[in-house]
Amino acid sequence: GIQVEQSPPDLILQEGANSTLRCNFSDSVNNLQWFHQNPWGQLINLFYIPSGTKQNGRLSATTVATERYSLLYISSSQTTDSGVYFCAVKGGGSNYKLTFGKGTLLTVNP
Amino acid sequence: EAQVTQNPRYLITVTGKKLTVTCSQNMNHEYMSWYRQDPGLGLRQIYYSMNVEVTDKGDVPEGYKVSRKEKRNFPLILESPSPNQTSLYFCASSPTGRGLGAPQYFGPGTRLTVL
């Protein structure tokens, strides 16, 4: 099956700093989503981005499907950005199953 | 508000006591799915449903049952829970499971502990 690798696995920032999270995938994908899992365990949709670039406030994402990677940018980070960020992709096949990466654990210190 | 709801949010039970985790979505989505999340193993799909009365196994279906009698509901049934089913469970839905698909929306999660 498709493999999803995220980097870095852990990231510690001071409030106000910027960061880039990366997601590499092993095969062509039809869909790609970024999620934020908050400290309470909830999975929050950030972006649905099979290709191209999107922005939502301080967050933006870019997917280059032909090169099999996606980037999530967080600018002016806040303590509430802390949590785990997951990249998830859908490969071929009829089941719309998302394959998740292992995530990036982000800690933003005040 | 468009959402996926799960109940209960937290449950502690004992081995062998049948339980059901409910999942409901109000977005008229065709596709629904259950995942479990475990430390070191990430999120893995248990079962999915492409539409009413259409269900199929995901990667880790052993010990679970599902049904899809109505479009909005997709309950997860543990007939005889065991400690290795202690996990964080997520229900998800999407407008469609076909073709290129669409964004998948997740419920708030259910923390299950089986003693």
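Residues numbered from 1 in each chain as written. Chains lettered and ligands numbered in written order. Predicted model: local features only at pLDDT ≥ 70, side-chain atom pairs only at ≥ 80, totals over all residues. Heavy atoms only, no water.

Moving on, we get to the layout of surface pockets. When its volume is computed, the largest pocket comes out at roughly 350 Å³. Taken together, 18 residues line the largest pocket, and the ones lying closest to its centre are Ile2, Gln3, Thr99 and Phe100 of chain A together with Leu43 of chain B. In terms of residue count, strand β5 (residues 42-51) of chain B provides more of the lining of the largest pocket than any other element does, 4 residues in total. Class assignment for the residues of the lining of the largest pocket results in 7 nonpolar, 6 polar and 5 charged. Size it by volume and the second largest pocket reaches roughly 240 Å³. Every residue lining the second largest pocket is listed: Gln42, Leu43, Ile44 and Asn45 of chain A together with Ala2, Gln3, Val4, Met27, Tyr105, Phe106, Gly107 and Pro108 of chain B. For the lining of the second largest pocket, the secondary-structure elements that each account for two or more residues are β5 (43-48) of chain A together with β10 (105-106) of chain B. (1 Å grid on protein atoms, 1.4 Å probe; cavity = no way out; pocket = protein on both sides within 12 Å on 5 of 7 lines; lining within 4 Å. Points joined across faces, edges and corners; volume = space filled by probe spheres on them. Helix = DSSP H or I, 4+ residues; strand = E, 2+ residues; numbered from the N terminus. Nonpolar A, V, L, I, M, F, W, Y, C, P; charged D, E, K, R; others polar.)

Bringing the nonpolar core into the picture now. The nonpolar side chains of soluble globular proteins are, as a tendency, buried together. Ranked by size, the top nonpolar core spans 21 residues in total, and within it Phe25, Leu32, Trp34, Leu72, Cys87, Val89 and Leu106 of chain A carry the most contacts. With 18 residues, the next largest nonpolar core counts Val21, Tyr64, Phe74 and Val114 of chain B among its residues. (Core = buried A, V, L, I, M, F, W, Y, C linked by side-chain atoms within 4.5 Å. Buried < 20%, exposed > 50% of the residue type's maximum accessible area, 1.4 Å probe, protein only.)

A separate point is empty space enclosed by the protein. Within this structure, the stated rule accounts for 1 cavity of 30 Å³ or more. Estimates place the volume of the largest cavity at around 30 Å³. If you go around the largest cavity, the residues you meet are Trp40 and Gly41 of chain A together with Arg9, Tyr10, Leu88, Pro108, Gly109, Thr110 and Arg111 of chain B. Class assignment for the residues of the lining of the largest cavity results in 4 nonpolar, 3 polar and 2 charged.

Pro8 of chain A follows Ser7 of chain A through a cis peptide bond whose omega is -10 degrees. As for its placement among the helices and strands, Pro8 of chain A is situated in the loop between β1 (4-7) and β2 (10-14). Each neighbour pair has its own omega, and for Asn7 of chain B with Pro8 of chain B the value is -5 degrees, a cis peptide bond. Tracing the sequence through the fold places Pro8 of chain B in the loop between β1 (4-7) and β2 (10-13). In this structure, Arg68 of chain A takes a positive phi of about 60 degrees despite not being glycine. Structurally, Arg68 of chain A can be placed in the loop between β7 (59-64) and β8 (69-74). Although it is not a glycine, Asn28 of chain B sits at a positive phi angle of roughly 60 degrees.

A few words now on the pairing of strand β4 (residues 31-37) of chain A. Residues and elements named next belong to chain A. When you tally the buried positions in β4, you get 7 out of 7 residues, the bulk of the element. Alignment of β4 against strand β9 (residues 83-90), held across 7 bridges, turns out to be antiparallel. Its bridge partner being in β9, His36 is matched across the sheet by Tyr85. Relative to β5, β4 is paired through 5 bridges, and the arrangement is antiparallel. Across the sheet, Phe35 pairs through a bridge with Asn45, a residue of β5. Between β4 and the antiparallel strand that follows it, β5, lie 5 residues; Gly41 among them carries a positive phi value of about 95 degrees. (Pairing = 2+ DSSP bridges.)

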